[in-house]
There are 2 protein chains.
Amino acid sequence: MRLAIVGAGIVGRAVAELAPDRGHEVVAIGDSTSAVVADGTGESVDVDAALSRKAERGIVGDDAPDDVLAADYDALVEATPTTLGDAEPGFAHVAAALERDRHAVLANKGPVAERFGDLRAAAADSAGEVRFEATVGGAMPVLSTIEDHGAAHVDAVRGVLNGTANFVLSRMAAEGLDYEHVLAEAQDLGVAEADPAFDVDGTDAALKCVILANVLSFGAADNIDDAREFTLDDADVEGIRNVAGSALDLAGEDGLTVRLIGEVADGSVRVAPRLVKRNSALSVSGTTNAAQIETASAGTLTVSGRGAGGEETASAVLMDLNRLQ
Amino acid sequence: MRLAIVGAGIVGRAVAELAPDRGHEVVAIGDSTSAVVADGTGESVDVDAALSRKAERGIVGDDAPDDVLAADYDALVEATPTTLGDAEPGFAHVAAALERDRHAVLANKGPVAERFGDLRAAAADSAGEVRFEATVGGAMPVLSTIEDHGAAHVDAVRGVLNGTANFVLSRMAAEGLDYEHVLAEAQDLGVAEADPAFDVDGTDAALKCVILANVLSFGAADNIDDAREFTLDDADVEGIRNVAGSALDLAGEDGLTVRLIGEVADGSVRVAPRLVKRNSALSVSGTTNAAQIETASAGTLTVSGRGAGGEETASAVLMDLNRLQ
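What counts, and at which threshold
- Residues numbered from 1 in each chain as written.
- Chains lettered and ligands numbered in written order.
- Predicted model: local features only at pLDDT ≥ 70, side-chain atom pairs only at ≥ 80, totals over all residues.
- Heavy atoms only, no water.
- UniProt positions renumbered as here; feature names shortened; annotations may be inferred.
- Least-squares fit on C-alpha atoms with pLDDT ≥ 70 in both.
- Pairing = 2+ DSSP bridges.
- Helix = DSSP H or I, 4+ residues; strand = E, 2+ residues; numbered from the N terminus.
- Contact = heavy atoms within 4.5 Å.
- Buried area = accessible area lost by both parts, 1.4 Å probe.
- Salt bridge = Lys/Arg side-chain N within 4 Å of Asp/Glu carboxyl O.
- Polar contact = N/O pair within 3.5 Å; in protein donor to acceptor, adjacent residues only side chain to side chain.
- Nonpolar A, V, L, I, M, F, W, Y, C, P; charged D, E, K, R; others polar.
- Buried < 20%, exposed > 50% of the residue type's maximum accessible area, 1.4 Å probe, protein only.
- Arc of directions from axis to C-beta.
- Domains from an automatic or database assignment.
- Axes fitted to C-alpha atoms, helices over the stretch in contact; angles between N-to-C directions.

Per an unreviewed UniProt entry, chain A goes by homoserine dehydrogenase and derives from Halorubrum laminariae. Per its UniProt entry, chain A bears the Sequence similarities (unreviewed entry) comment "Belongs to the homoserine dehydrogenase family."

And the structure:
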């Protein structure tokens, strides 16, 4: 497929680098200040050159950012940073693709978590489709498994959906260290951001749960106009800042540990530190993510893997592109 | 879709029972001695009546078994028992569907493990597709995840692929019991067959690994005529009969345990009892299955769940039907 990639951060770059090997052509890539668009003679963009320019001169190319939206692509890959509230400019990028009857694949959680109803309405009016595997658990097959089983036949989903929080909790438990100490260590390693709030306060996990709640809700509804739409405001969210090392020690004595668990069940969305058995499927270590999908007819299916990272997230985008072909 | 179901055992029955709720019509179902086929007026078969007749009188209906193959269906579901060698009559059923340009979905491992090349050749000449998610790990998303990532981009697969053997090993380890004792218990519980050889000697796990090897081999080949085909003869298989309780005790002292691991990597297929860490993703308990998929760009993805059972296997058939729509 011919791809236009909006966003040239870690995910956009990884999509651009992996795409040619997977049979796709990159016809445009841009970030918030610049872009490069193929000239319409059937040639792809020179991805290596574009990424070198970005690294060296801070610009992807000499075209304007919005030129990417006007390129001759089959699928638009939306890989700009997640924004809350109106989810702009990500939503507008996706809407532009759908208006032109092109597909849109999102790595950006914003539009799927905050404007799911608008997204579905725009897709309903388009010959293009919207897919967003990358927004929940990177390349772990969470959304694809729900789709294959049918969202109407999935009762609940729960999981460890933020690698940074899981790194902190699993290391606190394993080494008997306190939160501040492990957080500083995670920041040194690049596992946590300088401002860790998005991860440790549970917002990132909550966005993923809201996306799952929307998928289950719209999948079970006979008519999308009747489906309940979820946004971050509907989630009950508690992060890990107040998890005491002493609580982990106590849990450990009983074969338990604490994980930041996101849960979507019975129309509610909840993210909170929860006790889990140390040998349970959700007691993953380090930055690993895990999710349990409770199905109506096949029991509980568990998936785990790397939930973040450029290549991992790009792989999920490529999974979606595969399904669109 | 209109379904013709060949095989009215635990899997065929579960497909017939779940299908109407998932938007499908059963237009024919048969076993080795009888069948019932809808009369062509657009009506479905009365599944409940057919299954009652089978339970009470031993016949599904008054039609002949081969009448199922001639029914007016969109997809044939092959759910007869797995046979080795020429994989008949399962292979002929699938071939008949493909010759009529209809889809075929297999729960029967035989044709996929023993005649993969023939199957791919028949599919290449047909407008119908062949799918077989149910043959590896029931409803666990193993083959679907490989397909989504692209078989050419999967380096290896390993896993616990037989619930009976895993039940025996995990219970031997947990209770300090010997093989014969636990096997007898498993037979009482219905977890093991009266003749347990197919499971405990590793044949079942090996068939699943051979299927995985074929999927990776044909997926990576530029031309299907160049792909290496695997059959059970290519697998190096050792079962669990000789695993001593004392070996499990010793392993346990080092935080290890023993699992029957099937592995497909570097063009070889191997099934054998292997030491695994007790907290590893492959150290699942009871009849649970687990598989690790090593991808080129997304690290190792792990899936686990119930690998057998009527509804679980039928759910995998329904996943395939979903992807055909």
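(A) Structural view of the relation of the copies chain A and chain B. The two copies are related by a screw motion: chain A maps onto chain B through a turn of 180° and a shift of 0.0 Å along the axis, at an RMSD of 0.0 Å. Read as a symmetry element, the transformation amounts to a two-fold axis. For chain A, the residue whose C-alpha comes nearest the rotation axis is Val303 of chain A, separated from it by 2.2 Å.

(B) Structural context of the sheet that holds strand S1 (residues 2-6) of chain B. Residue and element names in this part refer to chain B. Strand order in this open sheet of 6 strands is S3-S2-S1-S4-S5-S6, and the pairing throughout is mixed. Every interior strand has two partners, whereas the edge strands, strand S3 (35-37) and strand S6 (130-131), have only one. In this structure, strand S4 (residues 75-78) lies alongside strand S5 (residues 103-106), joined through 4 bridges in parallel fashion. Across the sheet, the residue bridging to Leu76 is Ala104, located in S5.

(C) Examining the interface of chain A and chain B more closely. Contact residues are listed per partner, giving 30 residues for chain A and 30 residues for chain B. Surface buried jointly by chain A and chain B totals about 2,300 Å² across both partners, of which 46% is contributed by carbon and sulfur atoms. The largest per-residue losses of area from chain A upon contact with chain B belong to Arg22, Asp148 and Ser297 of chain A, which jointly make up 25% of the total buried on that side. Between chain A and chain B we count 2 salt bridges in total. Measuring nitrogen to oxygen at the nearest pair gives 2.8 Å for the salt bridge that ties Asp148 of chain B to Arg323 of chain A. For the pair chain A and chain B, the interface holds 12 residue pairs in polar contact (both at pLDDT 80 or more). Those elements that provide at least two residues to the side of chain A that touches chain B are helix H6 (143-149), strand S12 (300-306) and helix H12 (310-324) of chain A. Counting residues per element, the side of chain A that touches chain B draws most heavily on S12 of chain A, which supplies 7 residues. Residue classes in the side of chain A that touches chain B are distributed as 9 nonpolar, 13 polar and 8 charged. Pairing between S12 of chain A and strand S12 (residues 300-306) of chain B: 3 bridges, direction antiparallel. Considered in S12 of chain B, the bridge of Val303 of chain A is made with Val303 of chain B.

(D) View of helix H5 (residues 116-124) of chain A. Residue and element names in this part refer to chain A. Every buried residue of H5 is listed here: Phe116, Gly117, Leu119 and Ala123. All buried residues of H5 project into a common sector of 160° when viewed along the axis, lining one side. Residues of H5 that are buried sit in contact with helix H3 (90-99), helix H4 (110-114), strand S6 (130-131) and helix H10 (203-220).

(E) Representation of the domain arrangement of chain A. Residues and elements named next belong to chain A. For chain A, the assigned domains read domain 1 (2-139 + 313-324) and domain 2 (144-306). The C-alpha centroid of domain 2 is placed 27 Å from the C-alpha centroid of domain 1. In this complex, domain 1 contributes 21 residues to the contact, which on the side of domain 2 involves 21 residues. Here domain 1 and domain 2 share an interface that buries about 1,700 Å² over both sides, 63% of which is from carbon and sulfur atoms.

(F) Spotlight on the pairing of strand S2 (residues 25-30) of chain A. Residue and element names in this part refer to chain A. In terms of residue burial, S2 counts as a mostly covered element, since 5 of its 6 residues are buried. Where strand S1 (residues 2-6) and S2 come together, 5 bridges link them in parallel fashion. Bridge pairing links Val6 to Gly30 in S2. Pairing analysis gives 3 bridges linking S2 to strand S3 (residues 35-37), with the strands arranged antiparallel. Considered in S3, the bridge of Gly30 is made with Ala35.

(G) Quick look at the sheet that holds strand S11 (residues 288-295) of chain B. An order of S8(A)-S10(A)-S9(A)-S7(A)-S11(A)-S12(A)-S12(B)-S11(B)-S7(B)-S9(B)-S10(B)-S8(B) is seen for the 12 strands of this open sheet, with the pairing classed as mixed. Each of the sheet's edge strands pairs with one partner strand only, and the pair in question is strand S8 (235-237) of chain A together with strand S8 (235-237) of chain B. Across the sheet, the mean angle from the axis of one strand to that of its neighbour is 25°, orientation sign disregarded. Pairing geometry for strand S7 (residues 154-160) of chain A and strand S11 (residues 288-295) of chain A, over 6 bridges, is antiparallel. Following the sheet pairing, Val154 of chain A is matched in S11 of chain A by Thr295 of chain A. Along the sheet, helix H7 (residues 163-175) of chain B contacts strand S7 (154-160), strand S9 (256-265) and S11 of chain B; its crossing angle with S9 of chain B, the most-contacted strand, is approximately 155°. Helix H11 (residues 245-253) of chain B contacts S9 and strand S10 (268-277) of chain B of the sheet and is inclined by roughly 95° relative to S9 of chain B.

(H) Representation of the pairing of S12 of chain B. All names here are of chain B. Burial of S12 is extensive: 5 of the 7 residues sit out of reach of the surface. Of the strand pairs in this sheet, S11 and S12 are connected by 7 bridges, and their pairing is antiparallel. Following the sheet pairing, Thr288 is matched in S12 by Arg306.

(I) Representation of the pattern of salt bridges. Under the criterion given, the structure shown has 44 salt bridges over all chains. Asp72 of chain A is the partner of Arg102 of chain A in a salt bridge, and the nearest nitrogen-oxygen pair spans 3.7 Å. In this pair, Arg102 of chain A is assigned in the loop between H3 and strand S5 (103-106) and Asp72 of chain A in the loop between helix H2 (47-57) and strand S4 (75-78), connecting sequence segments 30 residues apart. The shortest N-O distance in the salt bridge between Arg306 of chain B and Glu312 of chain B comes to 2.9 Å. Taking relative accessible area as the criterion, Arg306 of chain B reaches 44% and is therefore assigned partly exposed.

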